[in-house]
Amino acid sequence: MGDPRPPLVIFAGQSHPSLAEDIAGHVGVKLGDILVHNLTSTETEVKLQESIRGKEVYIIQSGSKRVNNDVFEMLTMVYACKTSSARKIVAVIPYLPYSKQCRMRRRACITSKLLAKLMCNAGINHLITMDLHQREIHGFFDCSVDNLRSSPFLLQYILDNIPNYRDCVMVAKHPSSTRRVSSYAERLRVNFAVIHGELKEEEEREVDGRTSPPPTPIVIGNGTLPTVAPATFACSFPTPIPPYQQKIKPSLSLVGSVKGKIAIMLDDIIDDVEPWCLLAGFLKEQ
């Protein structure tokens, strides 16, 4: 009896062609014949060089330094497969771009939801990705999502390459990473620590703009508590609206101890190495 599954086709984008070749070699199929290039006007053009009618298509594309080009290239590939009567289109995106922009900050929009809508409207039926920045991103998609985990491989790497891993301390770069770090610490049976306080660059990104429009700060009392004047409205309220208290984040401090230990900092996305170097120097001082 023949295989009831539809024929399989794997197409590779330009972000990580070597990754696509490795996946195709592991599956035991050849990469599909597709032409993806940029015109002289820098527009992206996609041409399928083979028929995919009634076939199950996998498009391998991930985020890179050319993230906007990668995103639109992937959308164009998906739409080309949709209009060529593919039976099913599965996007394999190990690093989903814009996953950090999944909540309101300042007056910015939730770009991660916009990308999810674009992908589903282009024709994606299924998404395979890894370590989403927030699990709530699942809800942005109108298609099924598989969020694979890299933790088993990272834990095995620690066990194989750090002989005295029992002397390690897992360190959370930010209190919001505590859940992820504590999960690693529990499986390794080691302690964990948390860095509290933020670098100046990160403080600016955390402001969510809920005091729009920005009020003018004034100082009251002994001058130690900055606050703002109550908002003024055209109508009156029986109870005055309490003034907004500005957040003042403390300087860097460490909750826990790393003295004499091997500190392993953990986070899901590292897009700028400078803060990590600064935090590594801070841990050495501890």
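Placed above this text is the structure.
This report concerns the structure included in the present document. What you see is a predicted model, and the numbers here were worked out from it, not measured in a lab.

This brings us to the sheet that holds strand S12 (residues 253–255). Whether parallel or antiparallel, the strands of a sheet pair through hydrogen bonds between backbone atoms. Reading across the sheet, the four strands line up as S12-S9-S8-S13 and stay open at both edges, with mixed pairing between neighbours. Looking at which strands have only one partner, the edges of the open sheet turn out to be S12 and strand S13 (262–266). For this sheet the average axis-to-axis angle between neighbouring strands, irrespective of direction, equals 30°. Strand direction decides the pairing type here: strand S8 (residues 168–172) and S13, joined by five bridges, are parallel. Bridge pairing links cysteine 168 to isoleucine 262 in S13. Against the sheet, helix H5 (residues 178–188) makes contact with S8, strand S9 (191–196) and S13, and its axis sits at roughly 165° relative to S8, the strand it touches most. The strands that helix H7 (residues 273–285) touches are S8, S9, S12 and S13; relative to S13, the one it contacts most, it runs at about 150°.

On to the sheet that holds strand S5 (residues 88–93). Here five strands make up an open sheet; going across it, the order is S1-S4-S5-S6-S7 and the pairing parallel. The sheet terminates laterally at strand S1 (8–12) and strand S7 (144–148), the two strands that pair on one side only. Averaged over all neighbouring strand pairs, the angle between strand axes comes to 20°, with direction disregarded. As paired elements, S1 and strand S4 (residues 56–60) share five bridges and run parallel to each other. For leucine 8, the partnering residue across the bridge sits in S4 and is glutamate 56.

What counts and what doesn't
- Residues numbered from 1 in each chain as written.
- Predicted model: local features only at pLDDT ≥ 70, side-chain atom pairs only at ≥ 80, totals over all residues.
- Heavy atoms only, no water.
- Pairing = 2+ DSSP bridges.
- Helix = DSSP H or I, 4+ residues; strand = E, 2+ residues; numbered from the N terminus.
- Axes fitted to C-alpha atoms, helices over the stretch in contact; angles between N-to-C directions.
- Contact = heavy atoms within 4.5 Å.

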